[in-house]
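# Structural features, examined
The chain contents come next:
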Amino acid sequence: MRFPKRWRGSDLSVFRSYATIAPHAPQTIIEKVVQRYAVDHPTSKAVKAGDYVMIRPEHVMTHDNTGPVISKFKSIGATRVHNPKQLVFTLDHDVQNKTPKNLSKYASIEAFARQHGIDFYPAGRGIGHQVLVEEGYAFPGTLTVASDSHSNMYGGIGCVGTPIVRTDAAALWATGKTWWQVPRMIKVELKGRLAPGVTGKDVIVALCGYFNKDEVLNGAIEFAGDGISALSVDERLTISNMTTEWGALAGVFPVDEVTLDWYEQALKRLELRTFSTPALSASIPPPPEHPRINRARLDSLRANLIRSDPDAVYASHLVLDLSTLVPHVSGPNSVKVSNPLPVLESKQIPIHKAYLLSCTNARASDISAAAAVIKGHKVAPGVEFYVAAASSEVQQDAEKSGDWETLALAGAKPLPAGCGPCIGLGVGLLQEGEVGISATNRNYKGRMGHPNAQAYLASPAVVAASAIKGYIASPESLDPASLPSTSTPAFSIVTPSDEGAAPSTSAASEEPVLPGFPSTFSGPLLFAPQDNLNTDALYPGKYTYQDDITLARQAEVVMENYDPSFAALVASIREEQAKTPSPASGIKQGVVLVSGYNFGTGSSREQAATALKAAGVPLVVAGSFGDIFKRNAINNGLVCIESPEIVADLTREYAKDGKRGAGGRKGELTVNEGHSVDVKVVEGRVEVRWPTGETRTYTVGRVGASVQELWICGGLEGYVLKSIK
């Protein structure tokens, strides 16, 4: 990766307003929105996929991770928030934790917000992504980022939402902007109409399961097609939310009459927010105008809708016929496995826990759908059914409609509005050997509890039906005669992308070695024969919000959910290395980890990168990387190299049955067969010495000067400190 030279040494605290729109060049909706928020960008150049741009987003949200961002902000020497109105704090992840330590952390975050004039939403108000939509921080035609991987959700209302990481957030607080590489553009065409009983959740579960070969990895999705008009805004939010699990960096729906009507209703709701009853509205003065959702802004939105140009360029064009889709269930323990509900129901898979919560499917319409299914029934014996609204406003709506009471009378256990079990925090987690079905977005191994539990994902109605029947089941209201065949839905790739991931730096490009950057990374090679090794596997969620956890402790728990013996293995190797003479100048010793494709997929937690580095892994080789992980790695000085050839050779020799996903030939999760490696990152060459004595040489992309500079500075944090000084 290489940034434009003009950024190097630039004063990041100086920026101008929206970039001047360039002379016409065909652009997608996403490219047009990014153009508006690009700063320090040549006015004559249209923003296109692949460009590195500095962006000044409309808003940046942090949640429970605000505490570590405050620490980073202070450590870079910043004393003043560049633009307090750009920032939003929402406490939502660990809201069940009433310990003095967590309450003190929450209080310090609120105090910082008050000190700097930052909008703050306390624990109990709701999940940050939902709050940003409800309060208009995420708004059609804008660019809003969050230090959380599910900021893709904002695409459901036509806002380009994309994740950043904690270090980016600190840089944004200090300077108002950060870097972004515009992803490749992917059109996803939704044709036809859903059959009765099939939902938006089924759409995204099917997309993740049937297009499961990294077709959208690290891309920006634009949804299109005649099927969109029949999808509600809530369904669009669900679909956009889980484009994260699909592997994309954004998932944006066009703004249409459905969107505009939704905002008209939102405006009416806000206008009545201060009245005890609508009947009183005519007799007292109107409330203050909402700063972000108001008549003037909605009129401007309607008059200036953004559309993709007819000749806009897409790297890929995927098509799904909604009329051929039946309800689907994801899992177990993978969003890339999608099962037609009728097939899975016939197996009568017993469950122990059911969940209706999260930013994916806990809005009023979701709670209503579950209540309609469960009304007149009781939760099955031996099953625990946990319910949490996406926000306090959602819960109020559900209480007014009677849906909340219906769920409670059936035996559902209410939780406060927040993330809770979805992130593996609080009560109700899956225990060893248990099976759960959830309306959340992730069913990664160990995310919602014990690594030896099984988790499935489904729509709210299917979750409720399963809770009362005691096994994965369809609602009684679902009429099989109204559904299409249970065979695979009709899907296709019209114009396949040439590559399954964003292109890496060309091996032929010339890169200098900056003073202080190693010319070679050297050490033993460990192989994890696994694709989609996610952030929960790399760094369990239960540690993510322990803000005082040390790097040494991170090193002890790294890869715990994938291979509990990994940390000890790396530590023993590092101990042996410490006994050997110091390496020659320009050589960085450590353990080199090699794994499969889409390494680091999942959440935005930066500890997935820092824990590896702290353990003594200075460099990771993979077939491809999840972009959020790669961003965290670059920002924290962990070097990432893509080499499908090395992965293929190791897979062929050491993976069980020659395939990744089931460990090594001996049943081990981490293969340690005595390989050693020299990674000459600036030359673009990797030399692997095999146990047989053979040395194999591979050509890889070179590490650019800008990444070297970040490494030398200790990461983006050090780079920003250097810049503002």
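Described in the following lines is the structure provided in the data block. (Residues numbered from 1 in each chain as written. Predicted model: local features only at pLDDT ≥ 70, side-chain atom pairs only at ≥ 80, totals over all residues. Heavy atoms only, no water.)

Here the focus is the overall build of the chain. Regarding its fold elements, the chain presents 23 helices and 28 strands. In summary, the chain has a C-alpha radius of gyration of 25 Å against a globular reference of 27 Å for 725 residues, a match within 12%. Sorting the 725 residues of the chain into buried and exposed places 61% on the buried side. Considering only intrachain contacts with a sequence separation of at least 6, the fraction spanning at least 24 residues in the chain is 75%. Accessible surface, the chain as shown: approximately 26,100 Å² in total, 53% of it carbon and sulfur. Distance between charge centres in the chain, computed from 70 positive and 73 negative side chains, equals 4 Å. (Helix = DSSP H or I, 4+ residues; strand = E, 2+ residues; numbered from the N terminus. Rg over C-alpha atoms; globule rule 2.2 N^0.38 Å. Buried < 20%, exposed > 50% of the residue type's maximum accessible area, 1.4 Å probe, protein only. Contact = heavy atoms within 4.5 Å. Areas by Shrake-Rupley, 256 points an atom, 1.4 Å probe, with all protein chains shown as cover. Lys, Arg positive; Asp, Glu negative; His and termini not counted. Charge placed at Lys NZ, Arg CZ, Asp CG, Glu CD.)

What follows is about the nonpolar core. Side chains of a nonpolar character, in soluble globular proteins, are inclined to be buried together. Ranked by internal contacts, the top residues of the largest apolar core, which has 71 residues, are W246, F385 and L407. A total of seven residues in this core trace back to one element, the largest contributor, which is helix α15 (residues 460-469). With residues up to four places along the chain from it excluded, the contact list for W246 reads V188, I204, L207, C208, F211, V216, I221 and L318. I118, F527, V681 and V682 belong to the second largest nonpolar core, which has 60 residues in total. (Core = buried A, V, L, I, M, F, W, Y, C linked by side-chain atoms within 4.5 Å.)

Moving on to the packing of aromatic side chains. A complete count under the given rule lists 21 aromatic pairs for this structure. Ring geometry for Y121 versus Y137: centroids 6.0 Å apart, planes at 80 degrees, classification edge-to-face. You can see Y121 sitting in strand β5 (residues 119-121) and its partner Y137 sitting in the loop between α4 (128-134) and β6 (143-146), a full 16 residues away along the chain. These aromatic residues form a ring-pair network of at least three members: F73, F89, F112 and W173. Directly above the ring of F139 sits R297, whose terminal nitrogen or CZ lies 3.8 Å from the centroid. Against the face of W690 rests R696, its NZ or CZ located 3.9 Å from the ring centre. (Phe/Tyr/Trp six-rings, centres within 6.5 Å; stacked < 30°, edge-to-face > 60°. Lys NZ or Arg CZ within 6 Å of the ring centre and 35° of its normal.)

So, about the sheet that holds strand β8 (residues 178-181). Spatially, three strands are ordered β1-β2-β8 in an open sheet, and the strand pairing comes out antiparallel. Each edge of the sheet is formed by a strand with only one pairing partner; in this case those strands are β1 (38-39) and β8. (Pairing = 2+ DSSP bridges.)

In contact at an axis separation of 9 Å, helix α2 (residues 66-75) and helix α5 (residues 166-175) are set at 55 degrees when each is read in the N-to-C sense. The orientation of α2 with respect to α5, classified from their angle, is oblique. As α2 runs across α5, the sense of the crossing is right-handed. Across the interface between the two elements, T66, P68, V69, I70, K72 and F73 from α2 touch R166, T167, A169, A170, W173 and A174 from α5. (Axes fitted to C-alpha atoms, helices over the stretch in contact; angles between N-to-C directions. Parallel < 35°, antiparallel > 145°, perpendicular 65-115°, else oblique. Left-handed = near helix turned anticlockwise from the far one by under 90°.)

Turning to the pattern of salt bridges, a few remarks are in order. What the rule picks out here adds up to 37 salt bridges. The salt bridge partner of R125 is E134, with a shortest N-O separation of 3.0 Å. Summarising the burial analysis for this pair, R125 and E134 share the class buried. With a closest N to O distance of 3.2 Å, R685 and E687 form a salt bridge. Exposure remark for R685: the relative accessible area of 27% places this residue in the partly exposed category. (Salt bridge = Lys/Arg side-chain N within 4 Å of Asp/Glu carboxyl O.)

All right, on to helix α1 (residues 29-37) then. Quick reminder: α-helices carry 3.6 residues per turn. Residues three or four places apart thus point the same way. Within α1, seven of the nine residues are buried, which leaves it mostly tucked inside the rest of the structure. What α1 keeps buried is the set I29, I30, E31, V33, V34, Q35 and Y37.

Moving on to the state of the cysteines. As used in these notes, a disulfide is a covalent bond between sulfur atoms, one from each of two cysteines. Overall, the coordinates contain zero disulfides when judged by the stated rule. Among the cysteines around C159, which has no disulfide bond, C359 carries the closest sulfur, lying 15 Å off. Unpaired in this structure, C640 has its nearest cysteine sulfur neighbour in C713, at a distance of 18 Å. Judged by its relative accessible area of 19%, C640 is buried. (Disulfide = S-S within 2.5 Å.)

This part takes up the environment of I423. Along the chain, the position of I423 falls in the loop between β17 (413-414) and β18 (435-438). The spacing of I423 and A107 is 316 residues in sequence and 22 Å in space, taken between C-alpha atoms. Residues within four places of I423 in sequence aside, it is in contact with H93, R447, G541, Y545 and R605.

Sheet strands associate in pairs through backbone hydrogen bonding, adopting either a parallel or an antiparallel arrangement. Across the sheet, which stays open at both edges, the five strands sit in the order β5-β4-β3-β6-β7 with parallel pairing between neighbours. Here the strands that pair on one side only, and so sit at the sheet edges, are β5 and β7 (160-163). For this sheet the average axis-to-axis angle between neighbouring strands, irrespective of direction, equals 20 degrees. Of the strand pairs in this sheet, strand β4 (residues 87-90) and β5 are connected by three bridges, and their pairing is parallel. Residue pairing for β5: V88 is matched across the bridge by D119.

As a further point, take α15. In terms of residue burial, α15 counts as a mostly covered element, since nine of its ten residues are buried. Those residues of α15 not exposed but buried are P460, A461, V462, V463, A464, A465, S466, A467 and I468. Directly beyond the C-terminal end of α15, a positive phi value near 85 degrees is found at G470.

On to the environment of S492. Structurally, the position occupied by S492 is in strand β20 (residues 491-495). For the pair S492 and V462, spaced 30 residues apart in sequence, the C-alpha separation works out to 27 Å.

This part is about the pairing of strand β2 (residues 52-55). Both faces of β2 are covered, namely the face carrying Y52 and M54 and the face carrying V53 and I55. Sheet topology note: the β1/β2 ladder contains two bridges and is antiparallel. Residue pairing in the sheet places A38 in a bridge with I55 of β2. The sheet contact formed by β2 and β8 spans four bridges and is antiparallel. Counted as the bridge partner of I55 is T178 from β8.

Let us look at unusual backbone geometry. For the bond from G331 to P332, the omega torsion is 10 degrees, close enough to zero to count as cis. Along the chain, P332 turns up in the loop between β13 (328-330) and β14 (338-340). Look at D214: it is not a glycine, yet its phi comes out positive at around 65 degrees. For D214, the location among the structural elements is in the loop between α6 (200-210) and β10 (219-224). Phi is positive for N333, which is not a glycine, with a value near 60 degrees.

A two-sided burial pattern is seen for strand β23 (residues 592-595), the buried positions comprising V592 and V594 on one face and L593 and S595 on the other. Across four bridges, strand β21 (residues 520-528) lies against β23 in parallel orientation. Bridge pairing in β23 links A528 to S595. Examined bridge by bridge, β23 and strand β24 (residues 619-622) share three bridges and lie parallel to one another. Pairing of L593 across the sheet is with V620, part of β24. Handedness of the crossover joining β23 and β24 through helix α19 (residues 607-615) is recorded here as right-handed. (Right-handed = clockwise from strand over helix to strand, strands pointing away.)

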